[in-house]
Amino acid sequence: MGVTVMEKSRFAEEYADWETLLTHANGSIGLSEPNPRVGCRITGLDGRTFYGHTQRAGGCHAEIVALQSARRAGADVSGATVQVTLEPCSHHGRTPPCCDALIEARVGKVIVATVDPNPLVAGRGIERLRAAGIEVELLPCDHAAAMASRELNIGFFSRMIRATPWVRMKLASSLDGTTALDNGVSQWITGEAARADGHAWRARASAVLTGIGTVREDDPMLDVRLVETPRQPHLVVVDSRLETPPDARLFSPAAGNLTRQIWIIHAVQDTDRQAALQARGAQLIHLPGPNDKVDLAAMLVELGRREVNELHVEAGHKLNASFLREGLVDELLLYLAPQLLGQGAGMTSLGPLQRLQDGLRLRFSSATTIGEDLRITARVLGPNNLDCCPPTTA
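Residues numbered from 1 in each chain as written. Predicted model: local features only at pLDDT ≥ 70, side-chain atom pairs only at ≥ 80, totals over all residues. Heavy atoms only, no water.

## What about the environment of Leu374?
Our working rule: Comment: elements are numbered from the N terminus, with helices defined as DSSP H or I runs of at least four residues and strands as E runs of at least two. Throughout, exposure labels follow a simple rule: accessible area from a 1.4 Å probe, protein chains only, divided by the maximum for the residue type, with under 20% read as buried, over 50% as exposed, and the rest as partly exposed. Note on contacts: a residue pair qualifies if any of its non-hydrogen atoms lie within 4.5 Å across the two residues.
The residue Leu374 is located in strand E16 (residues 373–380) in this model. Judged by relative accessible area, Leu374 falls into the partly exposed class, the value being 29%. Linking Leu374 and Tyr335, residues 39 residues apart in sequence, is a C-alpha distance of 5.6 Å. Not counting residues up to four positions away in its chain, the partners in contact with Leu374 are Leu334, Tyr335, Leu336, Ala367, Thr368 and Thr369.

Set out below in structure tokens:
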């Protein structure tokens, strides 16, 4: 849309320090949903710097927080350089456009890490700033800061581009792939540090999803308890036949759950069971598919409509396999414990396959030790990945 891409060499010479700004943007994790996670730095002509990151939905965006910080300090930001990890918004949503605030503040230059994929913005914020006489530079889409900003907002990009959330499937197993013993015992295969890390990944998600099998067998709460969080993610239960017990622990109050919603996705209709679950505060979503099963693909579209950016799946091997077979998983979050457990439940019930090339292909993203365990993240290869520049960059 006519935006100018900043040359890499100029970026390296003039604006090398994006790491601190991205750390500020990380402050929006678990807070800004469903809005993107954005950081902003304003550097005045006197060299003073002011930071901000996006607050709760309906609250201030990163640019406004940084401007307010400068005003409280009595700083003059006219002619200042603004660095922002995502293009300033140009539309009236829950708040007024950020680009208008920057124009009113008479800043001199705005450096944007990546274009906002929201069709209501998508380059229009940059165009409006330039029309007001403000110099705007856009980082190359393969620049480390641009890629980090997109990665931080992978769920937001997914929802804006595909209309569905980014689906991350969490698995915990022994080194030989056993997630539970034959007698059903599974707590705890991984250690305390890995479990806390798993809760941190829950906290960054818009919603946590599980299946009725896990609800019946483990009676989990599936909230965030082991790390601090400003809000609890919503809970999604795939329950084709409405078998969720009204006294299940998932209905128990959880810390910070004032805005947590419980969505039960079902395929069959049962007036009495629906009424009992609704009495516990659940919202029932009827999405029937073949064989009285939930239409998982339609469910993702519905969750996108409900502004779910990242969907964190913690389910059993059958539901995991259904997600994987239908090509609905973007990323695996795998915790491996340093022990061998032999025969038992596996990660998924895929297969048996007849050819090696029929297996699901992945690309390892990271491997990190968490306490005594190993955490691996891997992206599913295929046309649905978002490891590319947004189509709106020039």
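## Re the environment of His312
Counted only if it meets this: Polar contact is defined as a pair of N or O atoms within 3.5 Å, subject to the rule that within protein one atom must be able to donate a hydrogen and the other to accept it, and that residues adjacent in sequence are counted only when both atoms are side-chain atoms.
The residue His312 is located in strand E12 (residues 310–313) in this model. By relative accessible area, which is 0% here, His312 ends up buried. A sequence separation of 77 residues divides His312 from Leu235, and the C-alpha atoms of the two residues are 9.5 Å apart. Not counting chain neighbours up to four residues away, the residues in contact with His312 comprise Arg168, Lys170, Gly198, Trp201, Arg202, Ala205, Ala207, Val208, Leu209 and Leu333. A polar side-chain atom of His312 sits 2.8 Å from a polar atom in the side chain of Glu314.

## Quick look at the pairing of E12
For the record, the criterion: Paired strands are those between which DSSP finds at least two bridges.
Both faces of E12 are covered, namely the face carrying Glu310 and His312 and the face carrying Leu311 and Val313. The pairing of strand E6 (residues 166–174) with E12 spans 4 bridges and is classified as parallel. Across the sheet, the residue bridging to Val167 is Leu311, located in E12.

## Brief notes about unusual backbone geometry
For residues other than glycine, phi is negative in most cases, and the peptide bonds are mostly trans. Residue Pro34 is reached from Glu33 by a cis peptide bond, and omega for that bond is 0 degrees. With respect to the secondary-structure elements, Pro34 resides in the loop between helix H2 (19–26) and strand E1 (39–43). For Arg106, which is not glycine, the phi dihedral falls at a positive 60 degrees. Structurally, the position occupied by Arg106 is in the loop between helix H4 (98–105) and strand E4 (109–112). A relative accessible area of 57% means that Arg106 is categorised as exposed.

## Here's the deal with the sheet that holds strand E15 (residues 362–370)
In plain terms, the rule: As a rule, the C-alpha atoms of each element are fitted with a line to give its axis, helices using only the stretch in contact, and angles between N-to-C directions run from 0 to 180 degrees.
Strand order in the open sheet formed by 9 strands is E11-E10-E9-E8-E12-E6-E13-E16-E15, with mixed pairing between adjacent strands. Of all the strands in the sheet, the pair left with one neighbour each is strand E11 (283–286) and E15. Taken over all neighbouring pairs, the strand axes of this sheet differ in orientation by 20 degrees on average, direction set aside. Packed on one face of the sheet, helix H7 (residues 154–162) meets E6 and E12 and runs near 135 degrees to E6.

## Topic: the pattern of salt bridges
Rules: Salt bridges are identified by distance alone: a Lys or Arg side-chain nitrogen within 4 Å of an Asp or Glu carboxyl oxygen.
Enumeration over the complete set of coordinates arrives at 18 salt bridges. Of the charged contacts in the structure, one is a salt bridge between Arg37 and Glu33, with a shortest N-O distance of 2.7 Å. The pair Arg37 / Glu33 is uniform in exposure class, with both members buried. The shortest N-O distance in the salt bridge between Glu302 and Arg306 comes to 2.7 Å. With a relative accessible area of 25%, Arg306 lands in the partly exposed category. When salt bridges that share partners are traced, they join Glu33, Arg37, Glu151, Arg168, Arg204, Glu310, Glu331 and Arg379 into one network.

## Overview of the pairing of strand E3 (residues 81–84)
Neither face of E3 is open: one carries Thr81 and Gln83, the other Val82 and Val84, and all of them are buried. Relative to E4, E3 runs parallel, the two being bridged by 4 bridges. When the bridges of E4 are listed, Gln83 appears paired with Ile111.

## Structural notes on the packing of H4 against helix H5 (residues 124–131)
The criterion, for reference: In these notes the angle categories are as follows: under 35 degrees is roughly parallel, over 145 is roughly antiparallel, 65 to 115 is roughly perpendicular, and the rest is oblique. By definition, turning the near helix anticlockwise from the far helix through less than a right angle yields a left-handed crossing, and turning it clockwise yields a right-handed one. Residues are sorted three ways: Asp, Glu, Lys and Arg are charged, Ala, Val, Leu, Ile, Met, Phe, Trp, Tyr, Cys and Pro are nonpolar, and all the rest, Gly among them, are polar.
At a minimum axis separation of 9 Å, H4 and H5 run at an interaxial angle of 20 degrees. Relative to H5, the element H4 lies roughly parallel. Every pair of crossing elements has a handedness; the one defined by H4 and H5 is right-handed. Residues Cys99, Asp100, Leu102 and Ile103 of H4 lie in contact with H5, whose contacting residues are Gly125, Arg128 and Leu129. The residue makeup of the contact of H4 with H5, split by class, is 4 nonpolar, 1 polar and 2 charged.

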